[in-house]
Amino acid sequence: MKGKAIIIVLLIIVIVAGGGGAAVWNMMRPVAASADPVVFEIKSGSGTSKIADQLEQEGLIRSGLAFKGYLKWKKQGSNFMAGTYSMNPGVSYDEIITKLNSGEVVPEEMVKFTIPEGYTVLQMADKLSAEGVVDREEFIKLANDPSSFDVDIIKDIPVDEELRYVLEGYLFPETYELKKGSTAHDVMQRMLEEFQTKISSIPDLETKLQERNLSLHELLTIASLVEREVVVDQERALVAGVIDNRLKQDMKLEIDATVQYLLDKPKARLLFKDLKVQSPYNSYLNKGLPPGPIASPSLASIEAALEPEASEYLFYVTKKDGSSGHLFAKTYKEHQQNIAKSKAAQ
């Protein structure tokens, strides 16, 4: 390769010395300028000789041979970077060299999407499918195949046939930007990585989980209940505290959101028959926590579930005054009064 380059340089010198300077100049001058860019890819491992030939084939230079000689004379070519480039015919040798040295590649086309806090796997699948980001059925299928993903934090998800979607609650709600054409697997891998990053940012997480005698899976389950029940940020820890109190007293949680999770489409108001839906997720029929999260909680809800606000409250009801807040009660009698008060405010 080295000897070949020397021969090229000597050849140019001979041509010039022999009166062929005009011919050499003609080979080295830029091709006719054009406003239409040429997009081409320099593959990894391509040598300067191959790149020079490719530039000639793409119509960006007149002679690959002359370009090779120029590179040798200028001691250039060893730092050329692989990638997809866009160049307009008419550029000079030096402009080409500068672009290849700097790796001034064509920016990859990206796709941007947002997963709102509190979304379920099905809501994500519907949204991303409607936006043309993923195939809906593939996304849903992968939500029950955690072994497909290389993320350490999901390896401790309990093996439980009662889980509706194994990765429910682990796909972090956030705004993402990925390469256009990314697969459903790529999208979910990125979301799981973001989940791991966010969880890892919580100080003393393991210590706090041990103090509360909770697994991460149980924490996320509580956090998802908080996420689906609470709109006012200041109430997250207080609602988490109510859940904690009811669990300690072996009371059914009786949280509407666990029933809504079982419906094909959420209802503005649950009917009595809805509360009778047979499922381990139905907290009106079963004591304790559901088998797993019912949505993807925000970091705020996860932190609230980790450090619930202490109180004697066992009940809460949504205010009907448009504030989206709750009225809290220590006894069932107080709760009934709060329900009446809430209805009166409609």
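Residues numbered from 1 in each chain as written. Predicted model: local features only at pLDDT ≥ 70, side-chain atom pairs only at ≥ 80, totals over all residues. Heavy atoms only, no water.

## Description of the overall build of the protein chain
Within the protein chain one finds 13 helices and 6 strands. Here the C-alpha radius of gyration of the protein chain, 32 Å, is well above what a compact globule of 346 residues would show, namely 20 Å. Based on the C-alpha atoms only, the size of the protein chain along its principal axes is roughly 110 × 40 × 35 Å. Of all 346 residues assigned to the protein chain, the portion counted as buried reaches 43%. Within the protein chain, residue pairs in contact and separated by at least 24 positions form 63% of the contacts whose partners lie at least 6 positions apart. Of the roughly 18600 Å² that the protein chain leaves accessible, carbon and sulfur atoms contribute 51%. Between the centroid of the 40 positive side chains of the protein chain and the centroid of its 49 negative side chains there is a distance of 4 Å. (Helix = DSSP H or I, 4+ residues; strand = E, 2+ residues; numbered from the N terminus. Rg over C-alpha atoms; globule rule 2.2 N^0.38 Å. Buried < 20%, exposed > 50% of the residue type's maximum accessible area, 1.4 Å probe, protein only. Contact = heavy atoms within 4.5 Å. Areas by Shrake-Rupley, 256 points an atom, 1.4 Å probe, with all protein chains shown as cover. Lys, Arg positive; Asp, Glu negative; His and termini not counted. Charge placed at Lys NZ, Arg CZ, Asp CG, Glu CD.)

## So, the packing of aromatic side chains
What describes a pair of aromatic rings is the distance from one ring centre to the other and the angle between the planes of the rings. Scanning the entire structure with this criterion turns up 10 aromatic pairs. Measuring from centroid to centroid gives 5.3 Å for Tyr170 and Phe195, while their planes differ by 65°, and the two rings are edge-to-face. Placement of the pair is Tyr170 in the loop between helix 6 (136-142) and strand 4 (175-179) and Phe195 in helix 7 (residues 184-200), with a sequence separation of 25 residues. Since its relative accessible area comes to 1%, Phe195 is described here as buried. Here Lys74 stacks its cationic end above the ring of Trp73, 5.5 Å away from the centre of that ring. (Phe/Tyr/Trp six-rings, centres within 6.5 Å; stacked < 30°, edge-to-face > 60°. Lys NZ or Arg CZ within 6 Å of the ring centre and 35° of its normal.)

## Examining the packing of helix 3 (residues 64-74) against helix 4 (residues 93-102)
Interaxial distance between helix 3 and helix 4 falls to 11 Å at its minimum, and their mutual angle equals 70°. Classified by the angle between their axes, helix 3 and helix 4 sit roughly perpendicular to one another. In the crossing of helix 3 with helix 4, the sense of the turn from one axis to the other is right-handed. Taking contact as the criterion, the partners of Ala66, Phe67, Tyr70, Leu71 and Lys74 in helix 3 are, on helix 4, Tyr93, Asp94, Ile96 and Ile97. Among the residues forming the contact of helix 3 with helix 4, the class breakdown is 7 nonpolar, no polar and 2 charged. (Axes fitted to C-alpha atoms, helices over the stretch in contact; angles between N-to-C directions. Parallel < 35°, antiparallel > 145°, perpendicular 65-115°, else oblique. Left-handed = near helix turned anticlockwise from the far one by under 90°. Nonpolar A, V, L, I, M, F, W, Y, C, P; charged D, E, K, R; others polar.)

## Points about the environment of Lys273
Summarising the element assignment, Lys273 is placed in the loop between helix 11 (256-260) and helix 12 (299-306). Considered as a pair, Lys273 and Ile302 are 29 residues apart in the sequence and their alpha carbons are 31 Å apart.

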